[in-house]
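# Analysis of the macromolecular model
This is what each chain is made of:
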Amino acid sequence: MTAFEAGAAGRRPVHGIDVVIIGAGHNGLAMSHCLAALGIDHVVLERGEVANAWRHERWDSLRLLTPNWLSRLPGYRYTGDDPEGYMSREEVVAFIAGYARASSASVITGTPVTRLRAEGAGYRVSTDHGDWRCRAVVIASGAFNRPMVPRLAADLPAGIAQLTPFSYRNPSQIKDGGVLVVGASATGLQLADEIQRAGRAVTLAVGEHVRMPRVYRGRDIQWWMHAAGLLDQRYDALPNGSDDLARARAVASPQLVGSRERPIVDLNVLGAEGVRIVGRLAGVRDGKALFSGSLRNVCALADLKMRRLLATLDDWATACGHADSLTPGERFEDTHIASSPATSLNLEREGIRTVIWATGFRPDYGWLAVPVLDRKGGIRHHGGVVDAPGLYVMGLPFLRRRKSSFIHGAEDDARELAAHLVGHLQAQSRRYRERMAL
Amino acid sequence: MDTNTFLADNGVNVEALLGARQALSKAPEAAQFKWRASCEWIKGTRARTSIDSFFGLGEAQRHKQVHRVETDHPEVFAAEDHGATPVEIVLAGLAGCLTAGIAAVAQNRNIQLHSVKATLEAGMDLQGILGIDGDVRNGFDGVKVTYAIDANANREEIEALVAQSQKRSAVFDIITNPTDVSVVVA
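Just so it is clear, the structure is predicted and the values come from calculations on it, not from any experiment. (Residues numbered from 1 in each chain as written. Chains lettered and ligands numbered in written order. Predicted model: local features only at pLDDT ≥ 70, side-chain atom pairs only at ≥ 80, totals over all residues.)

### Quick look at the overall build of chain B
In terms of regular secondary structure, chain B is built from 4 helices and 5 strands. Starting at the N terminus, the α and β elements of chain B follow one another as α-β-β-β-α-β-β-α-α. For the C-alpha atoms alone, the extent of chain B along its principal axes is close to 60 × 40 × 30 Å. When burial is assessed residue by residue, chain B has 16% of its 186 residues classed as buried. Restricting to contacts in chain B with at least 6 residues of sequence separation, those with at least 24 account for 50%. (Helix = DSSP H or I, 4+ residues; strand = E, 2+ residues; numbered from the N terminus. Buried ≥ 20, exposed ≤ 12 C-beta atoms within 10 Å, placed from the backbone. Contact = placed C-beta atoms within 7 Å.)

Shown next as structure tokens:
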């Protein structure tokens, strides 16, 4: 159903449809697949191309942190000949694009949403190519739309180049001199490793992080997390309820690298490569970077938590009779910290000419004109059901399960949210009929 | 020990703390506190700091009584040693903060503490404050805190208590991270 409305730019088409899905990444496509299976009329609006972020907003060497055998979506799975491998950026693009084709998803590319607002009992989704009036909207625009750069970036001396994981591609683009990588979660760890190996002197500023071995007792750590059920833990079934959930949602990506050789890359390995490990970047004053004195404690916390995780996995393996098929549990050395880690570095004197912000990512809801954001700019939702009837969100960390932000995490979330969405449409229709009958 | 029925009592009202946490997460403006101290010079390097009122939960608050801390310097500094040096008071602040945190975290984790003792040591090169060498900082070049803890918990649990206490400690944060300080003449 398409009508036309007069507007400043002439006549704009206004389409009518039951559901609009925003974003044709793996989440939006998984939802499209589930809605199609339920016979729900919908369209997927995509700002760029299918799998846009993977095409344009990732560095060259990035690989998935999950092995190929774990990569699956509703009605689709990895069928290549390297189940233990980790997809490269191009392979992820091909995987998601293949899914869009296989499920004949109704995707309109090159159509960024400029505004989403409530209208009547539903929503109006505006784009430069017209509007869609619909009864429900699924926000699947991703959790990593914008790299976060701390305010203190403005205090860096003017001569220092600043990069984010969106502008960084590979070591060759970095100008001569040392590099300060800020942040030691998956991104910062990988970039520090890659840049140091390219022969540049890297300093890595380390705040709170999650340490995890790539392989434990002969198995990929994601096999353990998956098999022991940790990835399936639900948002509404954590021991300490909302406290645990808030913490789990804020946890950064573990220190893992997806690479065929499955190396363990941690702060000890980087230190041995020659990376200088310092505390969290806490300030910049008079051309000096100031690092927190909390380095020892953040490493102690990460070591303790890793040991606790591995002990949990050992207990599970024993209880389930897996222990015999696994190699004995190895113990990993605690993180070594230099006897007095630097708490301040004169950037110029140290020859540091580039800073890379690996300080996390944020979703971008600049177009969202429905009042559902909390005071920190996140969407208020319960397992993806947003605090506005008929509005849903997908793909955020621990949305419904620990695996929600993984590619294979979209499957269960999409099925459940699609069912909820259909329930909403049916209830709305029922209310409408009852009103008409009166 | 029956872990189902055992209830640790470290004298910390965790329910009240958790209640405050929940209330303040809904009313962030009430979480805005101002800590205050006033200080008066007595003589030489001796001064007396009084701590009485503070602001929080949206209104003026008062300690049950005025707390006073005298600071001075030892005789090797040609002073009269009427009180601890200010840098030692900083160590007292750190120890007090971390220890309170350990008690609170232990209570929350149902760990009974029998004794908690900390010894603190901070290095300082006096060439900094004496202006002998501009490359030497005035403050500590490092702080070492050693805890001896007797509790109903294994070593790893005790290490986790101490780590969590640092993670949530105000004074640990104040010492480990830069803070904007403005000193003006009224």
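We are not done yet, so read on.
### Topic: the domain arrangement of chain A
All names here are of chain A. Here the domain parsing of chain A yields domain 1 (2-145 + 363-437) and domain 2 (156-357). Computed over C-alpha atoms only, the centres of domain 1 and domain 2 are separated by 30 Å. If you look at the interface, domain 1 gives 20 residues, while domain 2 gives 25 residues. (Domains from an automatic or database assignment.)

### What to know about helix α1 (residues 26-37) of chain A
Residue and element names in this part refer to chain A. With 12 residues, α1 should cover 16 Å at 1.5 Å per step; its first-to-last C-alpha distance of 16 Å lies within 8% of that length. Buried residues dominate α1, accounting for 10 of its 12 residues. When we look at burial in α1, the residues that qualify are His26, Asn27, Gly28, Leu29, Ala30, Met31, Ser32, His33, Cys34 and Leu35. Positive backbone phi, approximately 75°, marks Gly39, located one or two places after α1. (Expected span 1.5 Å × (residues − 1).)

### As for the interface of chain A and chain B
Interface size, as often reported, equals the accessible area lost upon joining of the parts. Contacts between the two partners involve 12 residues from chain A, matched on the other side by 11 residues from chain B. The set of elements that each furnish at least two residues to the side of chain A that touches chain B consists of β17 (281-285) and α8 (295-319) of chain A. Take the side of chain A that touches chain B: its biggest share by element is 4 residues, from α8(A). Tallied by class, the residues present in the side of chain A that touches chain B amount to 5 nonpolar, 6 polar and 1 charged. (Nonpolar A, V, L, I, M, F, W, Y, C, P; charged D, E, K, R; others polar.)

### Concerning the domain arrangement of chain B
For chain B, the assigned domains read domain 1 (31-83) and domain 2 (85-178). A separation of 20 Å is found between the C-alpha centroids of domain 1 of chain B and domain 2 of chain B.

### A few points about the sheet that holds strand β20 (residues 352-357) of chain A
All names here are of chain A. Judged by pairing direction, the sheet is parallel, and its 5 strands sit side by side in the order β11-β20-β12-β13-β16 without closing on themselves. Only two strands of the sheet have a single partner each, and these edge strands are β11 (161-163) and β16 (276-279). When the angles between neighbouring strand axes are averaged without regard to direction, this sheet yields 20°. The sheet contact formed by β11 and β20 spans 3 bridges and is parallel. Directly across from Leu163, in β20, lies its bridge partner Ile356. (Pairing = 2+ DSSP bridges. Axes fitted to C-alpha atoms, helices over the stretch in contact; angles between N-to-C directions.)

### Overview of the confidence of the model for chain B
For residues with low pLDDT, the predicted coordinates do not support detailed interpretation. When the pLDDT values of chain B are averaged, the result is 93; 98% of them are 70 or greater. Confidence estimates for the predicted assembly give a pTM of 0.92 and an ipTM of 0.85. (pLDDT = per-residue confidence, 0-100.)

### A few points about the pairing of strand β8 (residues 122-127) of chain A
Strand residues, when the strand is regular, have side chains that alternate between the two faces of the sheet. Residue and element names in this part refer to chain A. As paired elements, strand β7 (residues 113-119) and β8 share 6 bridges and run antiparallel to each other. Paired with Val113 across the bridge in β8 is Thr127. Between the antiparallel neighbours β7 and β8 lie 2 residues, among them Gly120 with a positive phi of about 60°. Pairing analysis gives 5 bridges linking β8 to strand β9 (residues 130-139), with the strands arranged antiparallel. Within β9, the residue paired with Tyr123 across the bridge is Cys134. From the end of β8 to the start of β9, which pair antiparallel, there are 2 residues.

### Structural notes on helix α3 (residues 89-102) of chain A
All names here are of chain A. Over its 14 residues, α3 runs 20 Å from end to end, which matches the ideal 20 Å to within 8%, given 1.5 Å per residue. Listed as buried for α3 are Val92, Val93, Phe95, Ile96, Tyr99 and Ala100. Buried residues of α3, seen end-on, are gathered within an arc of 160° and therefore sit on one face of the element. When the buried face of α3 is taken as reference, the exposed residues oriented beyond 90 degrees from it are Glu90 and Arg101. Lining the buried residues of α3 we find α1, α2 (52-56), β4 (72-73), β5 (76-77) and β6 (107-108). Remark: Ser104 follows α3 within two positions and exhibits a positive phi of approximately 45°. (Arc of directions from axis to C-beta.)

### Quick notes on the packing of α8(A) against helix α3 (residues 155-167) of chain B
For the pair α8(A) and α3(B), the least separation of the axes is 10 Å and the interaxial angle reads 140°. As summarised for this structure, α8(A) and α3(B) are arranged oblique, according to the angle between their axes. Both α8(A) and α3(B) take part in a crossing whose hand is left-handed. In contact with A:Asn297, A:Ala300, A:Leu301 and A:Leu304 of α8(A), α3(B) contributes B:Glu156, B:Glu159, B:Ala160, B:Ala163, B:Gln166 and B:Lys167. (Parallel < 35°, antiparallel > 145°, perpendicular 65-115°, else oblique. Left-handed = near helix turned anticlockwise from the far one by under 90°.)

### With respect to the sheet that holds β17(A)
Residue and element names in this part refer to chain A. Taken together, 3 strands build an open sheet; the order of strands is β17-β18-β19 and the sheet is antiparallel. At either margin of the open sheet sits one strand with a lone partner, and together these are β17 and β19 (344-346). For this sheet the average axis-to-axis angle between neighbouring strands, irrespective of direction, equals 20°. As paired strands, β17 and strand β18 (residues 288-291) are joined by 4 bridges and run antiparallel to one another. Within β18, the residue paired with Leu281 across the bridge is Phe291.

### Topic: the packing of α1(A) against helix α9 (residues 410-437) of chain A
Residue and element names in this part refer to chain A. α9 packs onto α1 with a crossing angle of 45° between their chain directions and a minimal axis gap of 9 Å. Relative to α9, α1 is oriented oblique. Both α1 and α9 take part in a crossing whose hand is right-handed. Listed contacts from α9 to His26, Asn27, Ala30, Met31, Cys34 and Leu35 of α1 are Ala410, Glu411, Ala414, Arg415, Leu417 and Ala418. The residue makeup of the contact of α1 with α9, split by class, is 8 nonpolar, 2 polar and 2 charged.

### Let's talk about unusual backbone geometry
Residue and element names in this part refer to chain B. Its identity as a non-glycine residue notwithstanding, Leu57 has a phi of 55°, on the positive side. With respect to the secondary-structure elements, Leu57 resides in the loop between β2 (46-56) and β3 (59-71). The phi torsion at Asp81 lies on the positive side, around 60°, for a residue other than glycine. With respect to the secondary-structure elements, Asp81 resides in the loop between β3 and α2 (86-108). By the C-beta count within 10 Å, which is 14 here, Asp81 ends up partly exposed.

### Side note on the pairing of β3(B)
Residues and elements named next belong to chain B. Little of β3 sits out of view: just 0 of its 13 residues are buried. Alignment of β2 against β3, held across 9 bridges, turns out to be antiparallel. By the bridge assignment, Thr49 is partnered in β3 with Val69. Between β2 and β3, which pair antiparallel in sequence order, lie 2 residues; one of them, Leu57, sits at a positive phi of approximately 55°.

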